[in-house]
Amino acid sequence: MKKNVCVTKLHVLCLLVLVLSLGFAGAASADPVKEEGALTTKPPSEDTAQVKATYKYLSAYTSDVSYSSGGKGSVIGNTGASVTADFIGIDAAIQRWTGEEWVAVTSKTSSKNTSKTVSLNESFAASAGYYYRVVSTHTVRVGSDIEKATYTSPSRLLK
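Here's a quick rundown of the structure. Computed from a predicted model, the values in this text were never measured in an experiment. (Residues numbered from 1 in each chain as written. Predicted model: local features only at pLDDT ≥ 70, side-chain atom pairs only at ≥ 80, totals over all residues. Heavy atoms only, no water.)

## Quick word on the overall build of the protein
Looking only at helices and strands, the protein features one helix and six strands. Listing each helix as α and each strand as β along the protein from the N terminus yields α-β-β-β-β-β-β. Here the protein holds 159 residues, and 30% of them are scored as buried. A separation of at least 24 residues holds for 65% of the contacts in the protein among residues at least 6 apart in sequence. Carbon together with sulfur atoms contributes 55% to the accessible area of the protein, which is approximately 9800 Å² in total. (Helix = DSSP H or I, 4+ residues; strand = E, 2+ residues; numbered from the N terminus. Buried < 20%, exposed > 50% of the residue type's maximum accessible area, 1.4 Å probe, protein only. Contact = heavy atoms within 4.5 Å. Areas by Shrake-Rupley, 256 points an atom, 1.4 Å probe, with all protein chains shown as cover.)

Below is the structure:
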């Protein structure tokens, strides 16, 4: 009788070890894999295809981010108008992925009066190994008409 109890306990213990090891193996494989050089997991996939509305004056807009070197990132952006605008501008909010959410790093702005285009090319403090993106707002004012568009750049791993 004592031998059967020990065998039963051994079977239960083996079964428990098997179940736990399968659970841990499943949990380990469920973790997202980090890209080479990344300090966090990759941000969720984003639909970067922007639905471009029809504007009367706002004709083009874009923004992006890249890594320069020495702890510096670079943000670029452009806003274009189909006519000479009374005001044209770009406001770029740079964000970094923490592994869980996007957080604000800094913002950069460029604007002109009486122009058809405005460009932005600024550096900012960046840490290699993190994903960055730009959420930019592009504005054109002609007379009392104001047109705005928001664009979110693809995320970039800055190495």
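What follows continues from the structure just given.
## Brief notes about the pattern of salt bridges
For the structure on display, the rule yields two salt bridges. Close ionic contact of Arg 156 with Asp 64 constitutes a salt bridge, the shortest N to O distance being 2.8 Å. Highlighted residues: Arg 156 in strand β6 (residues 156-158) and Asp 64 in strand β1 (residues 58-69), separated in sequence by 92 residues. Arg 141 is the partner of Asp 86 in a salt bridge, and the nearest nitrogen-oxygen pair spans 4.0 Å. (Salt bridge = Lys/Arg side-chain N within 4 Å of Asp/Glu carboxyl O.)

## A few points about the nonpolar core
Among the nonpolar cores identified, the biggest contains 22 residues, and Val 75, Phe 124, Tyr 132 and Val 140 are the most heavily contacted of them. Secondary structure elements with two or more residues in this core: β1, β2 (72-97), β3 (102-125), β4 (130-142) and β5 (145-152). The leading source of residues in this core is β2, at seven residues. Setting aside chain neighbours within four positions, we find Val 140 in contact with Tyr 57, Leu 58, Thr 79, Gly 80, Ala 81, Ala 85, Phe 87, Ile 88, Asp 145, Ile 146 and Glu 147. In this structure, Trp 97, Trp 102, Tyr 131 and Leu 157 belong to the second largest nonpolar core, which totals five residues. (Core = buried A, V, L, I, M, F, W, Y, C linked by side-chain atoms within 4.5 Å.)

## Observations concerning the pairing of β1
In regular strands, side chains alternate between the two faces of the sheet. Pairing of β1 with β2 involves ten bridges; the strand directions are antiparallel. Residue pairing in the sheet places Tyr 67 in a bridge with Gly 73 of β2. (Pairing = 2+ DSSP bridges.)

## Quick word on the packing of aromatic side chains
Per the stated rule, a full pass over the model turns up two aromatic pairs. An angle of 55° between the planes, with centres 5.7 Å apart, marks the rings of Phe 124 and Tyr 132 as tilted. Residue Phe 124 shares its accessibility class with Tyr 132, and that shared class is buried. Geometry around Tyr 130 places Arg 96 over its ring, the cationic atom sitting 4.9 Å from the centre. (Phe/Tyr/Trp six-rings, centres within 6.5 Å; stacked < 30°, edge-to-face > 60°. Lys NZ or Arg CZ within 6 Å of the ring centre and 35° of its normal.)

## Let's talk about the environment of Ser 155
The residue Ser 155 is located in the loop between β5 and β6 in this model. What makes Ser 155 partly exposed here is its relative accessible area of 25%. Separated by 110 residues in the primary sequence, Ser 155 and Ser 45 have C-alpha atoms spaced 9.1 Å apart. What Ser 155 contacts, discounting residues up to four positions off in sequence, is Pro 43, Glu 46, Trp 102, Tyr 132 and Arg 133.

## Some details on unusual backbone geometry
Most peptide bonds adopt trans geometry, and most residues besides glycine take a negative phi value. Located in the positive-phi region is Thr 114, a residue other than glycine, with phi close to 50°. Of note, Thr 114 is situated in strand β3.

## Brief notes about the pairing of β2
Here β1 hands over to β2 after two residues, with Gly 70 in that stretch at a positive phi of 60°. Pairing between β2 and β3: 21 bridges, direction antiparallel. Bridge assignment links Arg 96 to a residue of β3, and that residue is Val 103. Strand direction decides the pairing type here: β2 and β4, joined by ten bridges, are antiparallel. Looking at the pairing, Gln 95 lines up with Arg 133 of β4.

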